[in-house]
Every structure is written in C-alpha cells, then in structure tokens.
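If you want the building blocks of each chain, they are given just below.
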Amino acid sequence: MTALVANEKGEIFDLEGYGAVGRCGEVLMPLTVGETLFMPDGGELMRLPERYVLVWNMEIGAVETLSHNPYNPEERIYPVAAFNSPGYVNTAQVAAVEEEDAGPLPLFSYCAVGWYDEGFRTACLRVDEEERQHLRLMPIPKVQEGVEEMRGRYPENRLFRHLERCALSYGCPAAKNLYIGRCEAPLPTSRQCNARCLGCISHQSGSSLSSCQDRIDFTPTPDEISEVALTHIERVPDGVVSFGQGCEGDPLLAAEVIEPAIALIRSKTAAGTINMNTNGSLPLVLDRLFAVGLDSIRVSMNSVRKEIYTSYFRPNGYRYEDVVESFQVARKHGAYKAINYLNAPGITDCEEEVEALSDFIEACGVDLIQWRNINFDPLRYYEAMEAAGPIGMPMGVRRMILRLEKRFPKLKHGYFNPSREMYAERPGGRNIKRQAPKKGTGRKKRR
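Values in this document were obtained by computation on a predicted structure and should not be read as measured data.

Basis of the calculations
Residues numbered from 1 in each chain as written. Predicted model: local features only at pLDDT ≥ 70, side-chain atom pairs only at ≥ 80, totals over all residues. Heavy atoms only, no water. Helix = DSSP H or I, 4+ residues; strand = E, 2+ residues; numbered from the N terminus. Buried < 20%, exposed > 50% of the residue type's maximum accessible area, 1.4 Å probe, protein only. Contact = heavy atoms within 4.5 Å. Pairing = 2+ DSSP bridges. Phe/Tyr/Trp six-rings, centres within 6.5 Å; stacked < 30°, edge-to-face > 60°. Lys NZ or Arg CZ within 6 Å of the ring centre and 35° of its normal. Polar contact = N/O pair within 3.5 Å; in protein donor to acceptor, adjacent residues only side chain to side chain.

Regarding the environment of L4
(1) Moving on: Relative to the helices and strands, L4 is located in strand β1 (residues 2-6).
(2) Moving on: The class for L4 is buried, based on a relative accessible area of 4%.
(3) Moving on: In sequence terms L4 and Q93 are 89 residues apart; their C-alpha atoms lie 14 Å from each other.
(4) Moving on: Once residues lying within four places of it in the same chain are set aside, the contact partners of L4 are I12, F13, D14, V80, V113, G114, W115 and F120.

A closer look at the sheet that holds strand β13 (residues 93-94)
(1) Moving on: With antiparallel pairing, three strands are arranged side by side in an open sheet as β4-β3-β13. Single-partner strands in this sheet number two, and they are β4 (27-30) and β13.
(2) Moving on: Across four bridges, the pairing between strand β3 (residues 21-24) and β4 is antiparallel. Bridge pairing in β4 links C24 to V27.

Points about the packing of aromatic side chains
Both the distance between ring centres and the angle between the ring planes are used here to describe each pair of aromatic rings.
(1) Moving on: Summed over all chains, the structure comprises 13 aromatic pairs.
(2) Moving on: Measuring from centroid to centroid gives 5.5 Å for F83 and F108, while their planes differ by 85°, and the two rings are edge-to-face. Of this pair, F83 sits in strand β11 (residues 78-83) while F108 sits in the loop between β14 (96-98) and β15 (113-116); the two residues are 25 residues apart in sequence, bridging distant segments of the chain.
(3) Moving on: Using a relative accessible area of 23% as the deciding quantity, one classes F83 as partly exposed.
(4) Moving on: A relative accessible area of 34% means that F108 is categorised as partly exposed.
(5) Moving on: In textbook terms, an aromatic cluster arises when at least three aromatic residues are bridged by ring pairs, as seen for Y309, Y312, F313, Y320, F376 and Y381.
(6) Moving on: We note R76 situated over the ring of Y78; from NZ or CZ to the ring centre the distance is 4.3 Å.
(7) Moving on: The ring of F38 carries R121 above its face, with NZ or CZ at 4.4 Å from the centroid.

Regarding the environment of E50
(1) Moving on: As for its position among the elements, E50 is in the loop between β6 (44-47) and β7 (51-57).
(2) Moving on: On the accessibility criterion, E50 (36% relative accessible area) is partly exposed.
(3) Moving on: When near neighbours in sequence (up to four residues on either side) are disregarded, E50 contacts Y78, V97, E98, E99, A102 and G103.
(4) Moving on: Of note is the side chain of E50, whose polar atom sits 2.7 Å from the backbone nitrogen of G103.

Taken by themselves, the reported measurements are silent on function.
Structure follows, in structure tokens:
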C-alpha cells in the first residue's frame, strides 16, 4: 500500500516508492492489505494541517518524515487521514508529526489510510453490519418531507423544532431517522453535564477546541418528550428512542422531566425500546428510571481503568465507583447494559486495558460493547492518557476482540443501540458479515 498525502490545494495523491504507515500509540507500522479494508462508503478523507507525513521508505526499509514531495521538492505535503463510516472501528491511527506550535486537530477520529489496487484502504474493522446511519438511506428530500409533516402535526413542540436543526443543519443521523421513520430516534433533554470530557462535542470552555454543535438550550416537558417518542414508536414498532445525544449534557441530570416522560410513554404503549446513553454517574437516579420503564443503558467510557477514565471524563461531582454501581443497578433490574467504548488503538488494546476490561465485563455483566472511535487528536490523546496511567505494548484491536469473544462467548460486539427484539436475536460475537473487496472506491492524482 502506498502512502497518501495532500498538497496546499487539498489535492490528494499517493507517493510511489513510499508505503503507508499507521500508528498505535508509540508503535509505527507499514499498512498491509490483510490488515485494512477498502474505504467504506460514506467515509471521508481529511488533510491534516501543521503536520509532517510519516511514510515507509521502501528503498531503505525504514520510517521517514517528509515535509515536501520527494518528486517535487518545492511542493509542501501534509498527512491524510480517513474518517470512517459508522459501524467500523479503527485499528490504527494516522501517523504524523506536529510542526512546532501546531494547534490541536478538530474533534474527529483519524484513521490510517493508504492506496492499493485502485482504491483507498483504511485500517479498520467492521463491527456492525446494520445500515442505520448510511447516508444513502437518509435522503435529504425525504427528511425535509418528514420535517414538514411533524411541523403540521406538532406545531408547538419545541423538541421537534430543535431536532429539525439537528437533522438539516448538523446532519445528525439519528435526527434524520426520526423524520424518515426508521431505526433509532433521539430524545435530547439535558442542558447540563457533570463530566468535563476532553473531547466534548457540545461544550468546550477554556480550550482551543471548538464544539461540533450547540447544546440544547431549553428543557423539554414530559409531554414534548413523549410526543416525539410515541410518534417514532408508532411508526417503527421495534424502533429505539434514546436519551443522551451529542447535542446535550448527561440525561441523568434531567431526571425530573425524563422520569415522568418515560412513565407517560409506557402508560400508552409497551412497544419500542427506551434507551439512555449516559455517563452512569447517578445510580440512584437510574434506579428510579428503570422502575418506570427504562429498558437499557449505554455508558460511555474511554477506559475501565479509573485513572485513565478520570483523566478523560474529568468527573464533576461523581466518582468512577458510581459508574460501576450503575451497571449493578441495571443488572438488578434485568436491563440491557452496553459500554460506549471510545477506542484509541495503542491505548484501548494495550495489555493492561484488556485485562481490566475482562474483569469489568465479568463483574458488571456487560451485554454489549459498542466499539466507537474516539474523536480527538491522536497524539495529544495518547500523551494525556500516558500521563495518567501505564500504557504497555498494544496487541491490536482485532486480536483484542478475538480474545474477548473467546473468553465471553455471550458478549455482543457492535456499534448501534439494539432494540429489545435484537437482544435475543443476536447471539454473542460480532454483528458483521464479511465485506467483499471493492475496487474503485476513490480516485488518486498520480505524481
């Protein structure tokens, strides 16, 4: 696989004679066909400013740093990374070196990518075959039709109005699916959060980073919440409605409206799955929500090791132990329990983390790991986590998942929140079918 680079104009091309390189923590390795997939449909390529390219010099058999095109020394070149489609987890991150005084990268994930056999190939693994957020299944004209329909049906519902902006301005897949009437719909509610995540996408203060979207600036009423949820469940009987979205804080801090909203929903229908994406910080509040009808939780964690978790989430008024207790509360109620596992190759797959995760799964009865790529500058994230706790040699994300599958055959691996109907349908293992090789998934500019 040859290295991909970009010039000042944003033109992307490959460098013949130079291999593509990926990074897993401090480990650099040439990308191979066997460890990559043709870039999934819907992915994007990004040029990384203020950074030098790391490539594999095939002639000398070593990693080399390039600032300029070796075939055109006057041309400045930059690293290229891939932002993969939902359902794929990164197995290696882009390999780059910062210039002096470089700023942080925006809040995306940065997968290693190269060129081979007339296509882009990225270092990723498919963990979920469901096309819940595939762009071709969410055409904007159809979303706009749904928006107009809901405006007519619920002209006074502020939550529907908020979600219009999410769907049409921010391109939120969950909001789009609400208006189309498929899969999972969002129920953003909370204006506040008790974590100060380094990579928070809805609120950044005292940082050179910018949030990706505005946080909801009002608290919807139980009636407004239930109208959105019931409308979706009526249209999608086996659908999912979820509290805890990218445009809000943590929903546990809005329990005063969520609790009666869940009760109202369940008083009118037993269909659908009511899920909560949360940091799991308030187990006593979760206990009340399960009692009135909450079906499942997905708890976001970048690590199950206290020092690594705390360094990223920076809890404000809760402890890591509260998160562990929330899993036990869910277990008591017989609820479905998932980890929203924020993956960073080189950290997530180090021996210390894998052993800790195995112990955590066993102690907390985790049903599903949702493998998500952490949206943060890879180098800066590694430096911050390395300062917090020990990070040994990586074993590889593929090998890590295989080890978990062997030790926990009933544990599920995926990307999306499942419906109650899927709990029983899917046995342990990955929700995947093998991807057939595809060619022609991009065009390069030859140099």
